[in-house]
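What follows is each chain in one-letter form.
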Amino acid sequence: MCKHSANAFAKAKCYRFLTRSVTLSDMNFCSECGGPLLRHVVGTEQRNHWYCARCRAPQYVSPRIIVTTFVASGDRLLWAQRGLEPQRGKWGIPGGFLELGETLAEGAARELCEETGIVVLPDQLQLYMTGSITFINQVYMGFRATVDVDVCSPGVESMACGFFTRDECPWDEVAYPQVNDSIRQAYDDLDSGSFDVWQAEMTESYYVLRSVSHSEVDQSDNGR
Ligand SMILES: [Zn+2]
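Conventions we followed
- Residues numbered from 1 in each chain as written.
- Predicted model: local features only at pLDDT ≥ 70, side-chain atom pairs only at ≥ 80, totals over all residues.
- Heavy atoms only, no water.
- Salt bridge = Lys/Arg side-chain N within 4 Å of Asp/Glu carboxyl O.
- Core = buried A, V, L, I, M, F, W, Y, C linked by side-chain atoms within 4.5 Å.
- Buried < 20%, exposed > 50% of the residue type's maximum accessible area, 1.4 Å probe, protein only.
- Helix = DSSP H or I, 4+ residues; strand = E, 2+ residues; numbered from the N terminus.
- Contact = heavy atoms within 4.5 Å.
- Pairing = 2+ DSSP bridges.
- Donors = N, O, S within 2.8 Å, 3.2 Å for Na, K, Ca; no water.
- Tetrahedral: all angles 85-135°; square planar, octahedral: opposite > 155°, others 65-115°.

Got a minute to help me understand the pattern of salt bridges in this structure?
Oppositely charged side chains may form a pair once their charged atoms are brought near each other. Under the definition given, this model contains 10 salt bridges. Glutamate 45 is the salt-bridge partner of arginine 47, the closest N and O atoms lying 3.1 Å from each other. Beyond isolated ion pairs, a larger network of salt bridges with shared partners links Glu99, Glu102, Arg110, Glu111 and Glu114.

What's the story with the nonpolar core in this structure? I'm lost.
Burial of nonpolar side chains together is a common tendency in soluble globular proteins. Ranked by size, the top nonpolar core spans 24 residues in total, and within it Phe70, Leu77, Trp79, Tyr140, Tyr187 and Met202 carry the most contacts. Listing elements by their share of this core, those giving two or more residues are β5 (64–73), β6 (76–82), β9 (126–133), α2 (180–192), β12 (198–202) and β13 (207–211). Element by element, the count of residues in this core is highest for α2, at 4 residues. Residues contacting tyrosine 187, with those up to four places away along its chain left out, are Asp75, Leu77, Trp79, Phe164, Thr165, Arg166, Cys169 and Trp171. Core analysis: the next-biggest nonpolar cluster, separate from the first, contains 17 residues, Val71, Ala105, Leu112 and Cys161 among them.

Would you explain the pairing of β13 in this entry?
Look at any regular strand and the pattern is simple: side chains alternate between the two faces of the sheet. Among the 5 residues of β13, 5 are classified as buried, and the element is accordingly described as predominantly covered. Neither face of β13 is left uncovered, since the one carrying Tyr207, Leu209 and Ser211 and the one carrying Val208 and Arg210 both have all their residues buried. Counting the residues between successive antiparallel strands, the hairpin from β12 to β13 contains 4 residues.

Help me understand the coordination of the zinc ion in this model?
Six octahedral donors at a metal ideally form angles of 90 or 180 degrees, and four tetrahedral donors ideally form angles of 109.5 degrees. In the first shell of the zinc ion, the protein supplies Cys30 (SG), Cys33 (SG), Cys52 (SG) and Cys55 (SG), at 2.3 to 2.4 Å from the metal. Around the zinc ion sit 4 donor atoms, and with donor-metal-donor angles ranging over 100 to 116° the site reads as tetrahedral. Here the donor residues of the zinc ion share one chain and are spaced in sequence as C-x2-C-x18-C-x2-C. Relative accessible area serves as the criterion here: at 0%, cysteine 52 is assigned to the buried category. Cysteine 55 sits in the partly exposed class, given a relative accessible area of 36%.

Written out as structure tokens, the structure is:
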């Protein structure tokens, strides 16, 4: 059963899915002096960060942040076909890694423009989904926006882009099928015209997608 069955969130979905096991970053040498690194130990407990045995500088490894934007035009959502590895040629919701100095919305707007040519101001993006993906050490922040004109053009990082209804989606060519439920949820919200803010947790043993704004329990384990 899902570890989060006690949580009170409506529309929550929880099921198992199999992925590779957790791999922490393999850090070997200090970024300051090149000295050997030691795992930080507190008492008898090994922590997931390191320090330099020579200069004692701490070496932090943090999850990376992915920013995405669900852009709707009518009942269609904007997809982009990846032009870069990994998963070159596969499709996904436009997004990428947040860069230094950017706010979350600025990063999402930049990635959207780079991949699809669509310009949306950061303050026009509304927070839509948050997610922790522990098995690849990533956190994602999803925004949403609506456009009146469904014109897009692929940028240097994408091979193609387009607005698709749920039935038109390239479901067989999705870059990261682990997050398909999030995308299906976006289509559900488009259909209903009611948008929650969603919180996802994906680990090597479970996946849960919860509505932040609802408080009733409606959760099932699909056994995947
Ligand atoms: Zn050092």
